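Examination of the molecular architecture
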Amino acid sequence: LRRRERIGFAHLISKYRPGESIPIEVLRNGNAMTLDLPLAWRAPLVPMHPPQPPSYLIWAGLVFVPLSEPYLRSEWGDNFEERAPLSMVHPWLRNWKAVDGEEVVVLSSVLAAPLTAGLTHFVNRRLQKVDGVVPRNLAHVAQLLDEGESEFVRFLLDDDDVIALPRVGAAAALEHVLKENLISHARSPQLRRKSEA
């Protein structure tokens, strides 16, 4: 390097890899300190390789899953960024988590049951709120459903569509749906309560 030549930050940072640490100097209360900053890959909001087995939650016939790139490809093909609804593509384009554990939750389908009659056309819709609460992830949806006490559960979907179902009939509808579709559990292993395991 020539004397007094500036070095771009991008060049300096390119010498390091995730898993390594970068020494940085900071000022605290007027004192210079050297700290090690560990480097890691940013966890994507819409993962290319979701955990296995895939997560799912069925409630009264509504099937919820976290959004992933394989999901986008399976529903809209390799050109999903052109074919999928904007509400699904936008998180993939942004693709960074605002908070740890954040997931985009999708109502992937509605299984037929007396309680869900007339709702089976709701497929591939982004879940915005459950009883007025924005869900952080699929586990949070499960928690909201388990702990809620309102007479009706209201699901706000993209395009301002609302599905409202009574809690009282949900368990019977779920039992019917699981039996008719030969599904052994209403939740994936990572979402089951200890009593269901």
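This report concerns the structure included in the present document. What you see is a predicted model; the values in this text were computed from it and never measured.

Next up on the list: the overall build of the protein chain. When you go through the protein chain residue by residue, the secondary structure sums to six helices and eight strands. The order of helices and strands in the protein chain, counted from the N terminus, is α-β-β-β-β-α-α-α-β-β-α-β-β-α. Taken along its principal axes, the extent of the C-alpha atoms in the protein chain is 80 × 40 × 30 Å. Put simply, 52% of the contacts in the protein chain that link residues at least 6 apart link residues at least 24 apart. Here the protein chain displays about 12800 Å² of accessible surface, and carbon together with sulfur accounts for 53% of that area.

Take unusual backbone geometry next. With the exception of glycine, most residues fall at negative phi, and the peptide bonds are largely trans. Here the amide bond leading from Gln52 into Pro53 is cis, since omega sits at -5°, within 30 degrees of zero. Here the phi dihedral of Asn124 falls at roughly 50°; this positive angle occurs in a residue that is not glycine. Judged by relative accessible area, Asn124 falls into the buried class, the value being 12%. Positive phi values are uncommon outside glycine, yet Asp160 reaches one of about 60°.

Taken in spatial order, the six strands of this open sheet run S3-S4-S5-S6-S7-S8, and their pairing is antiparallel. Pairing within the sheet leaves two strands with one partner each, and these edge strands are strand S3 (57-59) and strand S8 (162-166). Sheet twist, expressed as the average angle between the axes of neighbouring strands with direction ignored, equals 35°. Pairing geometry for strand S4 (residues 62-66) and strand S5 (residues 105-110), over five bridges, is antiparallel. Residue pairing for S5: Phe64 is matched across the bridge by Leu107.

Residues Ile163 and Leu165 of S8 are buried on one face, while the alternating residues Val162, Ala164 and Pro166, pointing to the opposite face, are not. Pairing of strand S7 (residues 152-157) with S8 involves five bridges; the strand directions are antiparallel. Residue pairing for S8: Phe155 is matched across the bridge by Ile163. Joining the antiparallel neighbours S7 and S8 is a turn of four residues, in which Asp159 adopts a positive phi near 65°.

Basis of the calculations
- Think of each chain on its own: its residues are numbered from 1, step by step along the sequence as written.
- Totals for whole chains, interfaces and linings use every residue, but because this is a predicted model, local features are given only for residues with pLDDT of at least 70 and side-chain atom pairs only at 80 or more, for both listing and counting.
- Hydrogens are left out, water is left out, and the side-chain values use all remaining heavy atoms of the structure.
- Helical segments are the DSSP runs of H or I of at least four residues, strand segments are the runs of E of at least two, and each set is numbered from the N terminus.
- In what follows, a contact means two residues having at least one pair of non-hydrogen atoms within 4.5 Å.
- Here the Shrake-Rupley method, with its probe set to 1.4 Å, supplies the accessible areas, and only the displayed protein chains count as covering residues.
- When a residue's accessible area, from a 1.4 Å probe over protein chains only, is under 20% of the maximum for its type it is buried; when over 50% it is exposed; and in between it is partly exposed.
- Two strands are said to pair when DSSP picks up at least two bridges between them.
- Axis angles are defined between N-to-C directions and span 0 to 180 degrees, where every axis is a line fitted to C-alpha atoms and, for a helix, only to the segment in contact.

Read these as geometric descriptors, not functional statements.
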